[in-house]
Amino acid sequence: MDAARQVILFQNRRGYTPYQRCNACGWIPQCKHCDVSLTFHKFYNKLVCHYCGTSYAPMTTCAACGSHDFVQKQFGTERIEEVLQEIFPLAKTARMDMDSVRGKNAHDQLIQNFEQLNIDILVGTQMVVKGLDFENVDLVGILDADGILSFADFRVNERAYQLMEQVSGRAGRKHGKGKVLVQTSQPTHPVLMQVQQHDYDALYNDEITKREQFFYPPFSRIIKLTFKSKIREVVQDAAQIFTSALSNRYKDYITGPAEPVINRLRNQYLMEVLLKLPRNAKMLEQCKKDILYQVAVLHQEPRYKSVVVIPDVEGYSNLK
């Protein structure tokens, strides 16, 4: 590589492989405390839950069928770093993620090494794109862009555009000849086309039309209620009772209750209720009061006293 030219590769998954799968029956090792697959970290030789932090020994035998044939699916920053070292043995590579940047000064030291051209290729998660200005970066690679575009959230396109624009801006900051490569199986995806053209107006127009059609902010105010309990039937019943009580006044604005995509974290089962309210300050304030009242009523019942109710008003976890 040219000693004065550098590369940043962005992958929003840390670890070696996001999950392993039995090649015989399809079983995937999961966390005992969360309903999520375990990520393999080769450096530690452990399977790790990225939600509760619990680590496990690597799986060699399928718990479902007894097979020893496992395949590793997808790839994280650790695996990318390993492959780069194999393909470009003379290049100096480094990794910036929560696993590699530990200790008081590790983050600053890594940035300093990159700025001083002691690193040719830097692989990392969002840590490599936020607030960093490297004048010798000519190439940025966005790996697995499909993963960034697949989150189950109405803001997914907006956030994906923002993230990819931000990481793209790391290339060519000094010489104005930067190149950005995006890995995707859907190159005609509207957001990718908008990123390619730096067309924020097109993104805005698409998103504002959809949000008006489906009554999402800024055309509504959203309150998400998350119910948590160690007993699945208890949290399901609590969420249903709570929703029925609110339906007397907010029937037309309630969605749910329903299990979220990840329905158990840290041994707590989850249920969610979504309220999409008109942009009416008086109604919003009244709804907050009604929610607090119904939480108090729910906790009067001994069966539901331990149920935790977490309100989220458009990203703020409180009702004040």
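Residues numbered from 1 in each chain as written. Predicted model: local features only at pLDDT ≥ 70, side-chain atom pairs only at ≥ 80, totals over all residues. Heavy atoms only, no water.

Attention now moves to helix H6 (residues 200–213). End to end, H6 covers 20 Å across 14 residues, agreeing with the expected 20 Å (1.5 Å per residue, within 8%). Burial in H6 covers these residues: Leu203, Glu207, Ile208 and Arg211. Taken end-on, H6 shows its buried residues confined to a sector of 120°, consistent with a single buried face. The exposed set on the far side of H6, more than 90 degrees from its buried face, consists of Asp201, Glu212 and Gln213. In this structure, the buried side of H6 is in contact with helix H4 (156–168) and helix H5 (190–196). Phe215 sits one or two residues past H6 and shows a positive phi near 60°. (Helix = DSSP H or I, 4+ residues; strand = E, 2+ residues; numbered from the N terminus. Expected span 1.5 Å × (residues − 1). Buried < 20%, exposed > 50% of the residue type's maximum accessible area, 1.4 Å probe, protein only. Arc of directions from axis to C-beta. Contact = heavy atoms within 4.5 Å.)

Further remarks concern the packing of H4 against H6. Packing of H4 against H6 leaves a shortest axis separation of 10 Å and a crossing angle of 165°. Looking at the two axes, H4 sits roughly antiparallel to H6. You can see that H4 and H6 cross each other, and the crossing is left-handed. Packed against H4, whose contacting residues are Asn157, Glu158 and Tyr161, the element H6 presents Tyr200, Leu203, Glu207, Lys210 and Arg211 at the interface. When the residues that make up the contact of H4 with H6 are grouped by side-chain class, the tally is three nonpolar, one polar and four charged. (Axes fitted to C-alpha atoms, helices over the stretch in contact; angles between N-to-C directions. Parallel < 35°, antiparallel > 145°, perpendicular 65-115°, else oblique. Left-handed = near helix turned anticlockwise from the far one by under 90°. Nonpolar A, V, L, I, M, F, W, Y, C, P; charged D, E, K, R; others polar.)

This part covers the packing of helix H7 (residues 232–250) against helix H8 (residues 281–298). One way to put it is that H7 packs onto H8 with a least axis distance of 11 Å and a crossing angle of 145°. For H7 against H8, the interelement crossing comes out right-handed. Taken together, the residues of H8 that come into contact with H7 (itself represented by Ala238, Phe242, Ala245, Leu246, Arg249 and Tyr250) are Met283, Gln286, Cys287, Asp290, Ile291, Gln294, Val295 and Leu298. Across the contact of H7 with H8, the residue classes tally to 10 nonpolar, two polar and two charged.

In space, the three strands of this open sheet follow the order S3-S4-S5, with antiparallel pairing throughout. Edge positions in the sheet fall to strand S3 (39–41) and strand S5 (55–56), since each has one partner strand and no second. The pairing of strand S4 (residues 46–48) with S5 spans two bridges and is classified as antiparallel. Counted as the bridge partner of Leu47 is Tyr56 from S5. (Pairing = 2+ DSSP bridges.)

Core analysis: the largest hydrophobic core is formed by 29 residues, its most contacted members being Ile8, Phe10, Leu122, Ile142, Met164 and Val191. Of all elements in the fold, only strand S1 (6–10), strand S7 (93–96), helix H2 (106–115), strand S9 (137–142), helix H3 (145–148), H4 and H5 reach the threshold of two or more residues within this core. For this core, the leading source of residues is H4, giving five residues. With residues up to four places along the chain from it excluded, the contact list for Val191 reads Leu149, Asn157, Ala160, Tyr161, Met164 and Leu203. Counting 24 residues, the second-largest nonpolar core is a separate cluster that includes Ile223, Met271, Leu277 and Val313. (Core = buried A, V, L, I, M, F, W, Y, C linked by side-chain atoms within 4.5 Å.)

Quick look at the sheet that holds S1 now. Reading across the sheet, the five strands line up as S7-S8-S1-S9-S10 and stay open at both edges, with parallel pairing between neighbours. If you trace the sheet from one side to the other, it starts and ends with S7 and strand S10 (179–182), each paired once. Shown here is a sheet whose adjacent strand axes are inclined to one another by a mean of 15°, direction ignored. Two elements, S1 and S9, share five bridges in a ladder whose sense is parallel. Of the residues in S9, the one forming a bridge with Val7 is Leu139. Contacts between H2 and the sheet are confined to S1, S7, strand S8 (121–124) and S9, with S7 contributing the most and set at about 145° to the helix.

In this section: the pattern of salt bridges. Between side chains of opposite charge, pairing is possible as soon as their charged atoms come close. Tallying each qualifying case throughout the model produces 16 salt bridges. Note that Asp35 is salt-bridged to Arg264, the shortest N-O span being 3.2 Å. Here the residue Asp35 occupies a position in the loop between strand S2 (19–22) and S3, and Arg264 occupies one in strand S13 (residues 264–265), the gap between them amounting to 229 residues. Where Glu272 meets Lys224, a salt bridge forms, and the shortest distance between an N and an O atom there is 3.8 Å. (Salt bridge = Lys/Arg side-chain N within 4 Å of Asp/Glu carboxyl O.)

Moving on to the packing of aromatic side chains. Within the structure shown, the criterion is met by six aromatic pairs. Measuring from centroid to centroid gives 6.0 Å for Tyr16 and Phe40, while their planes differ by 85°, and the two rings are edge-to-face. Of the two residues, Tyr16 sits in the loop between S1 and S2 while Phe40 sits in strand S3, which places them 24 residues apart along the sequence. On the basis of relative accessible area, Tyr16 is assigned to the buried category, the value being 7%. (Phe/Tyr/Trp six-rings, centres within 6.5 Å; stacked < 30°, edge-to-face > 60°.)

Turning our attention to the pairing of S2. Covered by surrounding structure in S2 are Gln20 and Cys22 only, the residues Tyr19 and Arg21 on the alternate face being uncovered. With four bridges connecting them, S2 and strand S6 (residues 70–73) associate as antiparallel partners. The partner of Gln20 across the bridge, within S6, is Gln72.

Scope: geometric values only; no functional claims are made or implied.
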